[in-house]
Amino acid sequence: MNITYEDYDETISDTQNLVNIFFKDITDDNFEKTLIDIIDKLPGSFAIMVLYKDSLYVFCDKHNYKPCCLGYLNGNYCLLSENCIEGFEKIKYIESGEILKINKSGYKTIYKHENKLELKCIFEYIYFMNGHSVVFDNQNVFDIRYNLGRKLAESETIKFSKSETIVVGSPN
C-alpha cells in the first residue's frame, strides 16, 4: 500500500482517517508497512493501539504530540496516557514515530521514525493530565504547569497587589 497525502481528508478526524486507511487494502503482507507509512506520511496527532492477529501494535505520531506509556498493571502489559495510576509500573514512554509490537513473547520496537521536531499538546498539560503524572522526558505535570504559569506572569504588564490577588488553577 502506498499512502499519500491525498489519502488524508482534512474534513474528518485523524482517527477516522486512520480507520479509512487501515480498511482500504490491508493484508497480512502489508500490515506493518502500512503502519510505517502512516507514521512517515500522514499529518496529525495520535497515539493509537491496534489489535491485529496475536499482537497489539502501539504507535504515536512522528511529533509525539500525545503521550502513551507502556507499563505493567497487575502483572499484565498496560498502556496509558498517564503513569499516576495506583499499581502501575512504567516501562517506557512510546517515543515519537515509534511502533511497538506487544505479544506473548514480550514487546519490541519494529520501527522508529527519524524525527527532528517534537511537539507537545498544551491541552494535555493544562486540562487533561493529572498533576501527579510524570510525562515525556520525566517531567512532572504539576511542575510544568507551575513553570508555564510563572512564564505567563513574567510577561504580564499589569501590576497586581500580592495581598489582594488570588490565582486559581483550572480545571482542578
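Higher on the page you've got the structure.
This text gives an overview of the structure that appears in the document. (Residues numbered from 1 in each chain as written. Predicted model: local features only at pLDDT ≥ 70, side-chain atom pairs only at ≥ 80, totals over all residues. Heavy atoms only, no water.)

1. Topic: helix α2 (residues 31-41)
As a reminder of what qualifies: Throughout this description, buried means an accessible area under 20% of the type-specific maximum (1.4 Å probe, protein chains only), exposed means over 50%, and partly exposed covers the range between. The numbering of helices and of strands both runs from the N terminus, where a helix is a DSSP run of H or I of at least 4 residues and a strand a run of E of at least 2. Residue contacts are defined here by distance: any two heavy atoms, one from each residue, within 4.5 Å place the two residues in contact.
F31, T34, L35, I36, D37, I38 and I39 are the residues of α2 that are buried. Structurally, α2 contributes buried residues whose contacts are with α1 (14-25), β1 (47-52), β2 (55-60), β6 (98-103) and β7 (106-112).

2. Describing the sheet that holds strand β3 (residues 69-73)
Inclusion rule: In this scheme, strands are said to pair when DSSP sees at least two bridges between them. Here an axis means a line fitted to C-alpha atoms, over the contact stretch when the element is a helix, while the angle between two N-to-C directions is reported on a 0 to 180 degree scale.
Spatial strand order, β4-β3-β5: three strands in an open sheet with antiparallel pairing. Edge strands, defined here as strands with exactly one partner in the open sheet, are β4 (76-80) and β5 (89-93). Across the sheet, the mean angle separating the axes of adjacent strands is 30 degrees when strand polarity is ignored.

3. Notes on the sheet that holds β1
Spatial ordering of the open sheet is given by β1-β2-β6-β7, a layout of four strands whose pairing is antiparallel. Of all strands in the sheet, those bounded by a partner on one side alone are β1 and β7. With strand direction ignored, the average angle separating the axes of adjacent strands in the sheet is 20 degrees. Two strands pair when backbone bridges link them, and β6 and β7 are joined in this way by six bridges, in the antiparallel orientation. In the strand pairing of β7, N103 is matched with G106.

4. Here's the deal with the pattern of salt bridges
This is how it is decided: Criterion for a salt bridge: a side-chain nitrogen of Lys or Arg within 4 Å of a carboxyl oxygen of Asp or Glu.
This model, assessed by the stated rule, comprises six salt bridges. Between D28 and K53 there is a salt bridge; the shortest N-O distance is 3.0 Å. Of the two residues, D28 sits in the loop between α1 and α2 while K53 sits in the loop between β1 and β2, which places them 25 residues apart along the sequence. Each member of the pair, D28 together with K53, is exposed. The shortest N-O distance in the salt bridge between K92 and E95 comes to 4.0 Å. Here K92 falls in the buried class, since its relative accessible area comes to 16%. Classification of E95 by relative accessible area gives partly exposed; the value is 40%.

5. Re the side chain of S96
As for its position among the elements, S96 is in the loop between β5 and β6. Residue S96 is classed as buried on the basis of its relative accessible area of 2%. Once residues within four sequence positions are removed from consideration, S96 is found in contact with D61, K62, H63, N64, K112, H113, N115 and E118.

6. Notes on the nonpolar core
Heads up, the condition is: Residues belong to a common nonpolar core when they are buried Ala, Val, Leu, Ile, Met, Phe, Trp, Tyr or Cys residues joined through side-chain atoms within 4.5 Å.
Core analysis: the largest hydrophobic core is formed by 16 residues, its most contacted members being F22, F31, L35, I38, F46, F59 and I99. Looking at this core, the elements with two or more residues in it are α1, α2, β1 and β2. When residues of this core are assigned to their parent elements, the largest contribution, five residues, is made by α2. Not counting the four nearest positions on each side in its chain, I99 is found in contact with L35, I36, I39, Y57, V58, F59, K108, T109, I110 and Y111.

7. A few points about the packing of α1 against α2
Packed helix pairs are characterised by how far apart their axes lie and by the angle those axes make with each other. Cut-off, in case you're wondering: Each angle receives one of four descriptions, namely roughly parallel if under 35 degrees, roughly antiparallel if over 145, roughly perpendicular if within 65 to 115, and oblique otherwise. Note on convention: the crossing is left-handed when the near helix lies turned anticlockwise from the far helix by less than a right angle, right-handed when the turn is clockwise. Basically, the charged four are Asp, Glu, Lys and Arg, the nonpolar ten are Ala, Val, Leu, Ile, Met, Phe, Trp, Tyr, Cys and Pro, and anything else, Gly included, counts as polar.
One way to put it is that α1 packs onto α2 with a least axis distance of 11 Å and a crossing angle of 150 degrees. By the angle between their directions, the pair α1 and α2 is classed as roughly antiparallel. The handedness of the crossing between α1 and α2 is right-handed. Mapping the contact onto sequence places L18, I21 and F22 in α1 and F31, T34, L35 and I38 in α2. Taken together, the residues of the contact of α1 with α2 break down into six nonpolar, one polar and no charged.

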